[in-house]
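What the coordinates show
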Amino acid sequence: MLQLSRDDLALAYKRMRTIREFENRVHEEFSAGKIPGFVHLYAGEEASAVGVCMNLGDKDYIASTHRGHGHCIAKGCDVEGMMKEIYGRKDGLCGGKGGSMHIADLSKGMMGANGIVGGGPPLVCGAALSAKTLKTGGVAIAFVGDGGSNQGTTLESYNLAKIWDLPAIFVVEDNGYAESTASAWSVGGSQVKRAEGFGMPGVEVDGHDFFAVYEAAKGAIDRARDGGGPSLIHARLDRHFGHFEGDAQTYRAAGEQDKLKAEVDCLKRFRQRVTETSLLDAKALDEIDQQVASLVGHAVTAAESAQPPSAEDLLTDVYVSY
Amino acid sequence: MAKKSYRQALNEAIAQEMRRDPTVIVMGEDNVGGMGAPGEDDAWGGVLGVTKGLMPEFGRERVLDTPISESAFIGAAAGAAATGLRPVAELMFVDFMGVCFDQIYNQAGKFRYMFGGKAVTPLVIRTMYGAGFRAASQHSQCLYPIFTHTPGLKVVLPSSPYEAKGLMTQAIRDDDPVIFLEHKVMYDDEEDVPDEAYTIPFGEANLTREGDAVTIVALGRMVGFANQAADRLEKDGISCTVVDPRTTSPLDEDTILECAEETGRVVVVDEASPRCGMAADIAALIGQNAFDALKAPVRMVTPPHTPVPFAPELEDAYVPSVAKIEAAVRDVAGYSR
């Protein structure tokens, strides 16, 4: 099956499972009032982040969205550091200064979740320009939502990536809703035709299907690495939680969410596919589930007991020198 | 050492840094000019010629023309800065910040803080500002107070060709995002500028003259106006100190306060709009920290709180003039309680 070894498949499952477990725990802890601010959860969309990032290494960059936890985990950010960041702790990945919407780890090629819808694509053009100019062989991926796909920054970035011939890939994660507004209403034309309009290849994939995403991403990333320029992937998928935690989701049809969780859950599909084809057995997957539960449980425990930043930390890290 | 224009000084600084450091790149609208067009290569070198000659020397890989998509390319410059390059991006007129400001203040300016001190964003955004070109309301503003208001950005206002070269070299070598504001009326100003590279540190004000009667704090093009006013006043026995802060972020508060305390009389001259501007900011700084030393109220010389007008008569009335500065200094010098 593709170029993925059993180890790769186990890793992909582990990352997807880690995202699911992480988001479920953040949901619980947020509901219990233990997490400040507000959070946007990625559960349900795991196949997209992991399907894309399984093709990437540390020299490759991604920029994410406000719904960024999944991309961070898929790109290899430290799970405990992330949880501590979401709790606002001093030894969080960003020292407690960023929080859920700004988790970044440039050493892992993760340029940040982003509180501004459509904020990432221009930055990704820059990372792709760095890769091209410095000849690192790297590529850069902009994840945007269906909401972000309507921002001028995103459309300008399609054009810039094309005319500069950048190794950039735009992954439109279309979970059907920009906040409460249906993408069926808010997106004029089609994502793929938008790409084609800018002279880029575009492809639509079932974002619940890890293998479909992986294959599409591999094609796009290999092309970009070989100097073939930018392209777009439109992944149709679903989020399991609301736009933000606390969203009553009154815009959804009755029973909509239960149905999609039952019928199109990407983790269930992955498990079914790899067990039916005997690539991985259920026992191995169960063991991963247990490892992941332990990992995330430990991260929550560590985050709960970790120290907040000190008053002096307020004033540091604004400039390199000032 | 030779006489060089403000334009030449900037060009020389950029070229020398590009020779020194292969990660320095230049991008902007028409920075080469004529991209894809049948005429000359290097057709423009920027709309007023500041980047002319860079493409022939450094090639199109390091001197990039952009489409008119400020959000995309200013954001790309920020992203490139965070991933290993040192871009010098040109936002042709500062008035265009409105179409790309998110990428400057929410992205580039906040990376370091939001990411817990792990990001380094050595970005320079060059941009033209100021009135005097009969360019009307959307091509004549200053707007640097808005950048100065944003933590994480450094803001530079060179007041002469010598200052322009040293501050640009510093800006390119600096590891923080820098907004570098070039006054469009000053590009042909000339003075002696060293041939070799040199830096002028940020946050260190320059005293262009020292006197004991009144301190004039002036920014950018207004430094020259302040010096002209001081020349006239000197003849009447009113000797002025003129402080050029050079950078509004960081701001050399110590030097401004020392000079304010020495004379006890201060005029602040700023070409930006008066509300929430640098003149108000510096006046407040002095009022809060040097109140006991003041012998007169701090006077601000600024334009009125209007858009920049088009008609030459109106624009001339809008911009702070040497005469207005002189009058303000005379008022302050003659003030007694």
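Residues numbered from 1 in each chain as written. Chains lettered and ligands numbered in written order. Predicted model: local features only at pLDDT ≥ 70, side-chain atom pairs only at ≥ 80, totals over all residues.

Here we come to the overall build of chain A. From N to C terminus, chain A includes 12 helices and seven strands. In terms of C-alpha radius of gyration, chain A reaches 19 Å, essentially the compact-globule figure of 20 Å for 322 residues. Seen through its principal axes, chain A has C-alpha atoms that stretch 60 × 50 × 40 Å. Each of the 322 residues in chain A was classed as buried or not, and the buried ones make up 54%. Expressed as a percentage of contacts within chain A between residues at least 6 apart in sequence, the contacts between residues at least 24 apart total 75%. (Helix = DSSP H or I, 4+ residues; strand = E, 2+ residues; numbered from the N terminus. Rg over C-alpha atoms; globule rule 2.2 N^0.38 Å. Buried ≥ 20, exposed ≤ 12 C-beta atoms within 10 Å, placed from the backbone. Contact = placed C-beta atoms within 7 Å.)

Here the focus is the overall build of chain B. For chain B, the helix and strand inventory stands at 12 helices and 14 strands. Compactness check: chain B gives a C-alpha radius of gyration of 20 Å against a globular reference of 20 Å for 337 residues, within 12% of the reference. Taken over the C-alpha atoms alone, chain B extends approximately 65 × 45 × 40 Å along its principal axes. In chain B, buried positions account for 57% of the 337 residues. Put simply, 76% of the contacts in chain B that link residues at least 6 apart link residues at least 24 apart.

With that settled, consider the sheet that holds strand β3 (residues 63-65) of chain B. Residue and element names in this part refer to chain B. Pairing is mixed across the open sheet formed by seven strands, whose spatial order is β3-β2-β4-β5-β7-β6-β12. Each having just a single partner strand, β3 and β12 (247-249) make up the two edges of the open sheet. Neighbour to neighbour, the strand axes of the sheet diverge by 20° on average, direction disregarded. The sheet contact formed by strand β2 (residues 24-28) and β3 spans three bridges and is parallel. In the sheet register, glycine 28 faces β3, and the bridge partner there is aspartate 65. Here helix α7 (residues 161-173) sits on the sheet and contacts β2, β4 (86-93), β5 (124-129), β6 (154-156) and β7 (178-183); the angle it forms with β7, its principal contact strand, is near 160°. (Pairing = 2+ DSSP bridges. Axes fitted to C-alpha atoms, helices over the stretch in contact; angles between N-to-C directions.)

Residue and element names in this part refer to chain B. The strand order across the open sheet formed by five strands is β9-β11-β10-β13-β14, and the pairing between neighbours is mixed. Each end of this open sheet is capped by a strand with a single partner; those strands are β9 (206-209) and β14 (299-301). Geometrically, the sheet is characterised by an average inter-axis angle of 25° between neighbouring strands, direction not taken into account. Of the pairings in the sheet, the one linking strand β10 (residues 214-218) to strand β13 (residues 266-269) comprises four bridges and is parallel in character. What sits directly across from valine 217, in β13, is valine 268.

Ranked by size, the top nonpolar core spans 197 residues in total, and within it Val124(A), Ala128(A), Ala168(A), Ile216(B), Ala226(B), Val267(B) and Val329(B) carry the most contacts. Among the elements that make up this core, the one with the highest residue count is helix α9 (residues 210-225) of chain A (nine residues). Two domains each provide a minimum of three residues to this core, namely domain 1 (2-193) and domain 2 (206-333) of chain B. If near-sequence neighbours (up to four positions away) are discounted, Val124(A) is found in contact with Tyr61(A), Ala63(A), Ala140(A), Ile141(A), Ala142(A), Ser157(A), Ala168(A) and Gly79(B). (Core = buried A, V, L, I, M, F, W, Y, C linked by C-beta atoms within 7 Å. Domains from an automatic or database assignment.)

This brings us to the environment of Gln103(B). Considering the arrangement of structural elements, one finds Gln103(B) in helix α4 (residues 101-108). Along the backbone, Gln103(B) and Ser71(B) are 32 residues apart, and their C-alpha atoms lie at a distance of 6.5 Å. Sequence-distant contacts of Gln103(B), that is, excluding residues within four places in its chain, are made with Pro122(A), Ser71(B), Ile74(B), Gly75(B), Ala78(B) and Ala108(B).

A few words now on unusual backbone geometry. Backbone torsion omega between Ser249(B) and Pro250(B) reads 0°, so that peptide bond is classified as cis. Take Pro250(B): it is sitting in the loop between β12 and α9 (253-263). Its identity is not glycine, yet Asp165(A) carries a phi of approximately 55°, on the positive side. Structurally, Asp165(A) can be placed in the loop between α6 (152-163) and β3 (168-174). In the Ramachandran plot, Ala136(B) falls in the positive-phi region, its phi being about 70° despite a non-glycine side chain. Here Ala136(B) is to be found in the loop between β5 and α6 (144-148). Residue classification places Ala136(B) among the partly exposed positions, given that 15 C-beta atoms sit within 10 Å.

All names here are of chain A. One can describe the packing of helix α5 (residues 120-134) onto α6 by two numbers: an axis separation of 8 Å at closest approach and a directional angle of 20°. In terms of their interaxial angle, α5 and α6 are classed as roughly parallel. Between α5, through Pro121, Pro122, Val124, Cys125 and Ala128, and α6, the contact on the second element is made entirely by Thr153, Thr154, Ser157, Leu160 and Ala161. (Parallel < 35°, antiparallel > 145°, perpendicular 65-115°, else oblique.)

Residue and element names in this part refer to chain B. Domain parsing of chain B yields domain 1 (2-193) and domain 2 (206-333). Relative placement of domain 1 and domain 2: their C-alpha centres are 27 Å apart. Taken together, the elements giving at least two residues each to the side of domain 1 that touches domain 2 come down to α6, β6, α7 and β7. For the side of domain 1 that touches domain 2, a count of residues per class yields 13 nonpolar, eight polar and three charged. (Nonpolar A, V, L, I, M, F, W, Y, C, P; charged D, E, K, R; others polar.)

As a further point, take the interface of chain A and chain B. If you look at the interface, chain A gives 37 residues, while chain B gives 35 residues. Secondary-structure elements contributing two or more residues to the side of chain A that touches chain B are α5 and α6 of chain A. Considering each element in turn, the side of chain A that touches chain B owes the most residues, 10 residues, to α5(A). Considering only residue class, the side of chain A that touches chain B consists of 20 nonpolar, 14 polar and three charged.

Residues and elements named next belong to chain A. Tracing the sequence through the fold places asparagine 150 in the loop between β2 (140-145) and α6. Assessed through the 19 C-beta atoms surrounding it within 10 Å, asparagine 150 is described here as partly exposed. Asparagine 150 sits 170 residues away from valine 320 along the chain, and the two C-alpha atoms are 35 Å apart. With near-sequence residues (within four places) excluded, asparagine 150 lies in contact with Ser186 and Val187.

Bringing α4(B) into the picture now. Counting buried residues in α4(B) gives six out of eight residues, a clear majority hidden from the surface. Where α4(B) is concerned, the buried positions are Phe101(B), Gln103(B), Ile104(B), Tyr105(B), Gln107(B) and Ala108(B).

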